[in-house]
Amino acid sequence: MAKHEHVRVAVIGSGFGGLGAAVRLRREGITDFVVLERADSVGGTWRDNSYPGCACDVPSHLYSFSFAPNPDWPRIFSGQRHIRAYLEHVTDTFGLRPHLRLSHEVLRTRWDGDALRWEIETSKGSFSADVVVSATGPLSDPKIPDVPGLDGFPGKVFHSARWDHDYDLTGKRVAMIGTGASAIQIVPAIQPTVGRLTLFQRTPPWVMRRMDRRITGAERWLHRTLPFTSTARRGLLWGIRELQVSAFTKQPAVLGLIENLAKANLAKSIKDPALRAKLTPSYRFGCKRILLSGEYYPALAQPNVDVVASGLREVRGSTVVAADGTETEVDAIIFGTGFHVTDMPIADRVVGAEGLTLAETWKDGMESLRGATAAGFPNWMTIIGPNTGLGNSSMILMIESQLNYLADYMRQLTVLGGRVALAARPSAVGAWNRKVQSRMERTVWKSGGCDSWYLDANGRNTTLWPGTTGEFRRETRQVDLAEYEIIRPKAAPVTAESTPRDTEAVA
């Protein structure tokens, strides 16, 4: 076990959020920090998701840090390999390696109210930190449904985010469970090699063609030679998506026009009326995540593919049984069933000022102040927290806004001086979330007639931001101290052997 180490800031996770936080801390002159990562390399979800066909559905020039542009993206929508390489490049370019603590899984994080610091237990030793930045991300812990009989399945079982590259799918009978963003990339990638592919679909997604292409050598030369052209490209991509936001958040009826395009895409790709009927959604376009692919529908039309318009109910030996009674013999089961988004596992490992875990505090639904801080958890901040997700643009924009908030948070602690902590006021957290949920009522995600992973167990959308990225950046530009309690060490009891030290000052 490593010896105990105290740092100013402990960052949990080394995906876009964690590496972004590390870069921002260094740019603020803060070098006393560590990045705790449970895996043996950086990359977050882009390290874990290495399934065939894995790629981003946001254009590369927008899905990258503004402070670390990459003029050499190979495609409009880059694949997992190139995005992971980009994150390794960021790690090296900004000198983050000395701060990394790889293979350090955070097991417990507990607030010490007397010392005003966080005590952190990891798989390789203990740490303490004045501030904790949780950047584990919502797409980090796979969700596999509790399917009766799954434990007795004699074949291969794995989740899309834990792809078994040693298992050869050639000629195998494969069950693909789910039709989300991962599944629509996996299906066309494995369809040509498997013997038979059975797709279990509870709800069909809306699918638009992904207008992907190779970025030419001339374009890359231009971006390297004249960096402002890359900035302009990014700005154009951002602006187009900002203009789309009102259709999702204020005027869902407008999405009917795009829905017609999606229907035309389906009709062009799927000639079989029965299959087309299975693949036609019954909810408003945009209610669930819109998926991009030009290969998904053609793959489903191939003779070695079956679509079962039902979810998986049980497993009997090597037979998988759908909710509609359909039985299929398979050799392998691949789950593309998403992640623990509204019930993030890290929440069970964070114990706040009142002795409650974050999961217990959030038992009725996730809530935070400006997507960053939670009541009862002083000097704790999350990157990609509640209601910071997006339905049509790049999460890197939201991450960078939260990095602005983190930077000002650290500045405020420095100005206040000494041992000090900021604790989000419950009233401020409540007011922020009432405003967010009020705005959510008009959105297509709430009114579109679907049940999506954006919603928690109570039907609240605690995942997405109901506005533009520009609005969010304005809302997180700086910390409003009126929304926080300022906590200082309590005064020591007066005895014959001691004299009073600090006095408690709570604003």
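Residues numbered from 1 in each chain as written. Predicted model: local features only at pLDDT ≥ 70, side-chain atom pairs only at ≥ 80, totals over all residues. Heavy atoms only, no water.

Asker: Teacher, can you tell me more about the overall build of the protein chain here?
Answerer: Scanning the protein chain for helices and strands turns up 14 helices and 20 strands. Since a compact globule built from 507 residues should have a radius of gyration of about 23 Å, the 24 Å found for the protein chain is in line with a globular shape. With the C-alpha coordinates of the protein chain rotated into their principal frame, the extents come out at 90 × 55 × 45 Å. Considering the protein chain as a whole, with its 507 residues, one finds that 54% of them fall into the buried category. Relative to all contacts within the protein chain whose residues are 6 or more apart in sequence, the contacts with residues 24 or more apart total 71%. Counting every atom, the protein chain has about 21800 Å² of accessible surface; 52% of that belongs to carbon and sulfur. Distance between charge centres in the protein chain, computed from 61 positive and 53 negative side chains, equals 7 Å. (Helix = DSSP H or I, 4+ residues; strand = E, 2+ residues; numbered from the N terminus. Rg over C-alpha atoms; globule rule 2.2 N^0.38 Å. Buried < 20%, exposed > 50% of the residue type's maximum accessible area, 1.4 Å probe, protein only. Contact = heavy atoms within 4.5 Å. Areas by Shrake-Rupley, 256 points an atom, 1.4 Å probe, with all protein chains shown as cover. Lys, Arg positive; Asp, Glu negative; His and termini not counted. Charge placed at Lys NZ, Arg CZ, Asp CG, Glu CD.)

Asker: Could you clarify how one ought to interpret unusual backbone geometry in this entry?
Answerer: Excluding glycine, residues mostly have negative phi values, and the peptide bonds linking residues are mostly trans. Not every positive phi belongs to a glycine, and Asn-379 is a case in point at roughly 50°. Secondary-structure assignment places Asn-379 in the loop between α10 (358-361) and β18 (380-382). Given the relative accessible area of 0%, Asn-379 is considered buried.

Asker: Would you explain the state of the cysteines in this entry?
Answerer: By definition, a disulfide is the covalent link that joins the sulfur atoms of two cysteine residues. If you walk through the whole model with that rule in mind, you get one disulfide. No disulfide involves Cys-54; its sulfur sits 8.8 Å from the nearest other cysteine sulfur, which is in Cys-56. (Disulfide = S-S within 2.5 Å.)

Asker: It is not clear to me how the packing of helix α1 (residues 16-27) against helix α3 (residues 80-93) should be interpreted in this structure. Could you clarify?
Answerer: The relative placement of two packed helices is expressed as an angle between their axes plus a distance between the axes. Running from amino to carboxyl end, α1 crosses α3 at an angle of 20°, the nearest separation of the two axes being 10 Å. Judged by the inter-axis angle, α1 sits roughly parallel to α3. For the crossing formed where α1 meets α3, the hand is left-handed. When α1 is examined against α3, the residues Phe-16, Leu-19 and Val-23 are found in contact with a partner set consisting of Ile-83, Tyr-86, Leu-87, Val-90 and Thr-91. Classifying every residue of the contact of α1 with α3 by side-chain character gives seven nonpolar, one polar and no charged. (Axes fitted to C-alpha atoms, helices over the stretch in contact; angles between N-to-C directions. Parallel < 35°, antiparallel > 145°, perpendicular 65-115°, else oblique. Left-handed = near helix turned anticlockwise from the far one by under 90°. Nonpolar A, V, L, I, M, F, W, Y, C, P; charged D, E, K, R; others polar.)

Asker: Would you mind going over a nonpolar patch on the surface with me for this structure?
Answerer: A surface patch of nonpolar side chains, amounting to about 410 Å² of accessible area, comprises Trp-221, Leu-222, Leu-226 and Phe-228. Along the chain, the position of Phe-228 falls in helix α6 (residues 227-249). The class for Phe-228 is exposed, based on a relative accessible area of 56%. (Patch = residues over 30% accessible without salt bridge, like charges linked within 9 Å, V, L, I, M, F, W, Y side chains within 5 Å. Salt bridge = Lys/Arg side-chain N within 4 Å of Asp/Glu carboxyl O.)

Asker: How should I be thinking about the pairing of strand β4 (residues 106-112) in this particular structure?
Answerer: Look at any regular strand and the pattern is simple: side chains alternate between the two faces of the sheet. When β4 meets strand β5 (residues 117-122), the two strands line up antiparallel, connected through six bridges. In the sheet register, Trp-111 faces β5, and the bridge partner there is Trp-118. Connecting β4 to the antiparallel partner β5 that follows it, the hairpin turn spans four residues, and Leu-116 within it adopts a positive phi of roughly 55°. Pairing analysis gives two bridges linking β4 to strand β17 (residues 350-351), with the strands arranged parallel. Paired with Arg-110 across the strands is Val-351, a residue of β17. (Pairing = 2+ DSSP bridges.)

Asker: Sorry if this is basic, but what is going on with α1 here?
Answerer: Quick reminder: α-helices carry 3.6 residues per turn. Residues three or four places apart thus point the same way. Here α1 is 12 residues long and its end C-alpha atoms lie 16 Å apart, about the 16 Å a rise of 1.5 Å per residue gives. Where burial is concerned, most of α1 is hidden: 10 out of the 12 residues are buried. Burial in α1 covers these residues: Phe-16, Gly-17, Gly-18, Leu-19, Gly-20, Ala-21, Ala-22, Val-23, Arg-24 and Leu-25. (Expected span 1.5 Å × (residues − 1).)

The values are spatial; any link to function lies outside them.
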